[in-house]
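Each chain, letter by letter, is given below.
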Amino acid sequence: MSLIAQDAPGKTVLLMGNEAIARGALEAGALVFAAYPGNPSSEIAGSLSLVADALDFHVEWSVNEKVAMEVVAAASFAGLRGLCAMKQNGLNVAADFLLNLNLTGCRGGLVVVVADDPGGISSTNEEDSRIFAKLGDLPLLEPSTIQEAKDMTRWAFTLSEELGLPILLRSVTRLSHARGNVRLDPLPRTAPRARFDTSRPRLPFPPVFCHKALHQNLDRSGALMESSPYNFYRGPEKPELLIITCGSGWMYSLEAVTTLEIQHRVGILKLSTTWPLPRNLVLKHLKQAHAILFVEEVDPFLENNVKELFAQHCIDLGLKRFHGKATGTIASVGEITPAIVTSALEDLLNVNLEPRPPEYARKAREAVAQLVPSRALGFCAGCPHRATYWAIKRALALDGREGFVLGDIGCYGLGMGPSGFSQMKTIHAMGSGAGLAAGFGQLERFGLTQPVVAVCGDSTFYHAAMPALVSARYNTSNFLLLLLDNSATAMTGFQPHPGTGRTATGKEAHRIDLKAICEALGARVDVADPFDLKGTTEAILRLLQNADGVKALILKRECALLRSKRQKKIYTMEVDQERCLGERCGCNRLCTRVFRCPGLQWDRATGKTGIDEAICTGCGVCAEICPVSAIKKEAA
Amino acid sequence: MILARDPFNVIIGGVGGQGNVVASQILGQTLVNKGHVITIGETYGASQRGGAVMSHLRVSAKNPWSPLISEGQCDLLVSLEPVEGLRVLGYYGNPRVITLTNTRPVFPMDVNSGESAYPELSEVISKIGQLSAAVWVVHATEIALTMGDPIYSNMIMLGALSAMGVLPIDREGFEVTIRELLHSHRLGDNLKAFDTGAEAVKRL
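Predicted model only: the values in this text are computed from it and were never measured.

1. Here we look at the overall build of chain B
Stage number 1. A tally of helices and strands in chain B yields eight helices and seven strands.
Stage number 2. The C-alpha radius of gyration computed for chain B amounts to 16 Å, which stays within 12% of the reference 17 Å derived for 204 residues, consistent with globular compactness.
Stage number 3. For chain B, the spread of C-alpha atoms along the principal axes amounts to about 50 × 40 × 35 Å.
Stage number 4. The buried share of chain B, reckoned over its 204 residues, is 63%.
Stage number 5. Counting contacts in chain B only where the partners sit at least 6 residues apart, residues at least 24 apart contribute 66% of the total.

2. A word on the overall build of chain A
Stage number 1. Helices and strands together make up the secondary structure of chain A, namely 22 helices and 24 strands.
Stage number 2. Its C-alpha radius of gyration of 28 Å places chain A within 12% of the 26 Å reference for a compact globule of 636 residues.
Stage number 3. Considering only C-alpha atoms, chain A reaches an extent of 80 × 75 × 55 Å along its principal axes.
Stage number 4. Taking all 636 residues of chain A together, the buried fraction comes to 53%.

3. Quick word on the sheet that holds strand β7 (residues 167–172) of chain A
Residues and elements named next belong to chain A.
Stage number 1. With respect to topology, seven strands assemble into an open sheet ordered β3-β2-β4-β5-β7-β6-β12, the strand pairing being mixed. Each edge of the sheet is formed by a strand with only one pairing partner; in this case those strands are β3 (58–61) and β12 (273–275).
Stage number 2. Together, β2 (32–35), β3, β4 (82–87) and β5 (110–116) form the strand contacts of helix α4 (residues 65–77), whose direction differs from that of β4 by roughly 165°.

4. As for the sheet that holds strand β14 (residues 321–323) of chain A
Strand-to-strand pairing in sheets goes through backbone hydrogen bonds, with the strands running parallel or antiparallel.
Residues and elements named next belong to chain A.
Stage number 1. If you walk across this open sheet you meet the five strands as β9-β11-β10-β13-β14, and the pairing is mixed. Whereas interior strands pair on both sides, the edge strands pair on one side only; in this sheet they are β9 (232–234) and β14. Neighbour-to-neighbour, the strand axes of the sheet open up by a mean angle of 20°, direction not taken into account.
Stage number 2. Bridging between β9 and strand β11 (residues 266–271) involves three bridges; their strand directions are antiparallel. Bridge pairing in β11 links Y233 to L269.
Stage number 3. Helix α13 (residues 338–349) rests against β10 (241–246), β13 (291–295) and β14 of the sheet, and its axis sits at about 170° to β13.

5. Comments concerning the interface of chain B and chain A
Stage number 1. Each side of the interface is counted separately: chain B has 55 residues, and chain A has 51 residues.
Stage number 2. Looking at the side of chain B that touches chain A, the elements with two or more residues in it are α1 (20–33), β2 (37–43), α2 (82–92), α3 (109–112), α4 (121–130) and α5 (140–146) of chain B.
Stage number 3. Looking at which element gives the most residues to the side of chain B that touches chain A, the answer is β2 of chain B, with six residues.
Stage number 4. Of the residues assigned to the side of chain B that touches chain A, the class counts are 27 nonpolar, 21 polar and seven charged.

6. A look at the environment of R174 of chain A
Stage number 1. Note that R174 of chain A resides in helix α8 (residues 173–176).
Stage number 2. Along the sequence, R174 of chain A and N125 of chain A sit 49 residues apart, while their C-alpha atoms lie 17 Å from each other.
Stage number 3. Not counting residues up to four positions away in its chain, the partners in contact with R174 of chain A are S248 of chain A together with G41, P67 and L68 of chain B.

7. Focus on the nonpolar core
Stage number 1. Core analysis: the biggest nonpolar cluster contains 171 residues, and A35 of chain A together with M157 of chain B have the highest contact counts within it.
Stage number 2. Viewed by domain, this core spans two of them, domain 1 (3–226) and domain 2 (232–349) of chain A, each represented by three or more residues.
Stage number 3. Other than its neighbours up to four places away in sequence, A35 of chain A contacts S41, I44, A45, W61, S62, A68, C84, A85 and M86 of chain A.
Stage number 4. Ranked by size, the runner-up nonpolar core spans 80 residues in total, among them V455, L482, C518 and I615 of chain A.

8. So, the domain arrangement of chain A
In many reports, interface size means the accessible area that the parts give up when they come together.
Residues and elements named next belong to chain A.
Stage number 1. In terms of domain boundaries, chain A breaks down into domain 1 (3–226), domain 2 (232–349), domain 3 (384–565) and domain 4 (568–635).
Stage number 2. Using only C-alpha atoms to locate each centre, domain 3 and domain 4 end up separated by 28 Å.
Stage number 3. Counting residues at the interface gives nine residues for domain 3, matched by eight residues for domain 4.
Stage number 4. Listed by contribution, the elements that provide at least two residues to the side of domain 3 that touches domain 4 are α15 (384–399) and α20 (560–566).
Stage number 5. Of the residues forming the side of domain 3 that touches domain 4, the biggest block, three residues, is contributed by α15.
Stage number 6. Taken together, the residues of the side of domain 3 that touches domain 4 sort by class into six nonpolar, two polar and one charged.

Conventions used here
Residues numbered from 1 in each chain as written. Chains lettered and ligands numbered in written order. Predicted model: local features only at pLDDT ≥ 70, side-chain atom pairs only at ≥ 80, totals over all residues. Helix = DSSP H or I, 4+ residues; strand = E, 2+ residues; numbered from the N terminus. Rg over C-alpha atoms; globule rule 2.2 N^0.38 Å. Buried ≥ 20, exposed ≤ 12 C-beta atoms within 10 Å, placed from the backbone. Contact = placed C-beta atoms within 7 Å. Pairing = 2+ DSSP bridges. Axes fitted to C-alpha atoms, helices over the stretch in contact; angles between N-to-C directions. Nonpolar A, V, L, I, M, F, W, Y, C, P; charged D, E, K, R; others polar. Core = buried A, V, L, I, M, F, W, Y, C linked by C-beta atoms within 7 Å. Domains from an automatic or database assignment.

Quick look at the structure:
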């Protein structure tokens, strides 16, 4: 049984932040969960899907974040507790619903978890989702530790019901994807029944009246935040420097102050309710210090809000010096780290800490510079996307009209780099490849002669590309959509989607057929296997040259990692060392230098190619690449 | 066992797909079961796509620490791939660090393509030795391949780690964690991997 489902109050277990959030919701008695996968949020619904049957609750992978939020809001309207989870980009998708939901309010506890990705480690953007709390006049919670992630999620449901509002809970990568000790509390024994009270319709009318009620509610929320045990101060009564921090910044600040041994000089006000601010608590501590440093991830949200509060009370508070992102004391972009906070404190307080002997540091850095090769990202061994981009590159070259590829969100985004032969030329939001193609496909009358190709993964297609395709077909646009169907949401951990015929909990579901959808829209649809390089190249070329309007080519081949979970190699691969001519071949190392599958290795000593049997998945595609047929495949 | 320092900072370095995250989770849960307070940070961005991957594991008797270890603060390095170990030492190393390394290289894309070179293994190990207080090695991938699947190399590394006596982990604690976290049908193989690692590890 998964750790998050253990009914063992008092037991301490090691949980990932996302699992702790899931556990907190279970302890609060939440019964409905919905999400669309997106790192760093994916394991919230992912971990719940493993225990949903045993604990008898509903969890689903919704088609996108807006639908996920609507599904959970329905549960709330019917009096049940529910939670939806998403990454920062997901909240943009769901924002339209959220900014009406704030006006209608809700009944059963409703928690919206947004996991931000500072530094864009696994995102196309670096975005601070907290601004939506201010935009929507909604309470915002920011846990700092794994234990708090669980406890504050549980508390958020109570708060939501007390205020009749959805609560935003913001996590970041270093919380969601960190693990720590968590002391479990009891799971509830009783389940409420669902009923929608029609005498209390959820209508945002008149909007101005609802907006006013929302503002009053937010004031009430501020008063509740004042007494939250998750806001506290640690340090001397009148600190030389006051750090105001939240989220991951708390542990970094604490560590920096402890390591520099300046606990007697610096105080830390740790806030976990960052909108609305606990005004009295903040004012009380502002009064005690003349210099303030803000430590938070991504935007100066806390920093600006505290300064705004200060501006209203500056006559009582007197002069202050504020340090943070605005002054460049804390980097305005990228992840923050304990080192960033340490360095800010060293500058502000004129202290210094040598992390290690300088002579050692010099030697260590030198060793890396001399010996350690860089490790660029690339498609996995046997990934169908590599074969797909190979076919795209060849087809576009054969077509000869400077055709280009519009990209989308998924593993295949690596198509912008060497692993995908630099074929992909745009990448924005979910479904934007198809949307941009719909636009490019209208430009022929203005002189565009280049063929337009969009790539889109299967999960991305259902999420946001379908409306673009409908619009393109309706407006008689002209482009080729390549649907890279690898039977999973591979980038985020192989979650099932509407095309897989399985639900989040692994039950059989109606399979929403990609081909049938495209055909229903009146698009021409072909299907090919990307591992058949020749056939795929020909299919792409044919569709580029021979048909007008919206064309779709479904490239169907299961994700290599997914396949390897149940099936070993398809082929055993070998390089015939007699046949491989190496540097003398004239192919200029087509297999290793250009095709770049990690299973193929250029051996500098022999000047020939070999196969690494620990990495090769035996897809057999490289056998088609070699001009002298030195790469052999044999059924495994 | 009393920890040499508090927090005691462990970094598990390697390449995406080597089971780094699972190894850190199993090590962490085993230590939690022994009463320690653990914080783990995963730098996972490239986890499935051949990039360099690290887990930061902080072991304390008292309280949680931040999930990121700072420059020069690594006490124990578990390196699933030789140059990745060296990469970690470059920023996190210090004269007191104890290193355990696998000996099997995973060539980066640029090395496979012939654009850059992977250094001689002996040179990498010797450099790791110069930058560590002690170095232990185990041929984890080779052993795992004889077991039929390279994925066992992370369990072999944990077995090796248990034999070094720097952290309070033993076979019994490992088994409890494995039973709790992994599919039971692989229990026997994982235990075998652990035992083999414990026997095969050597101090240089």
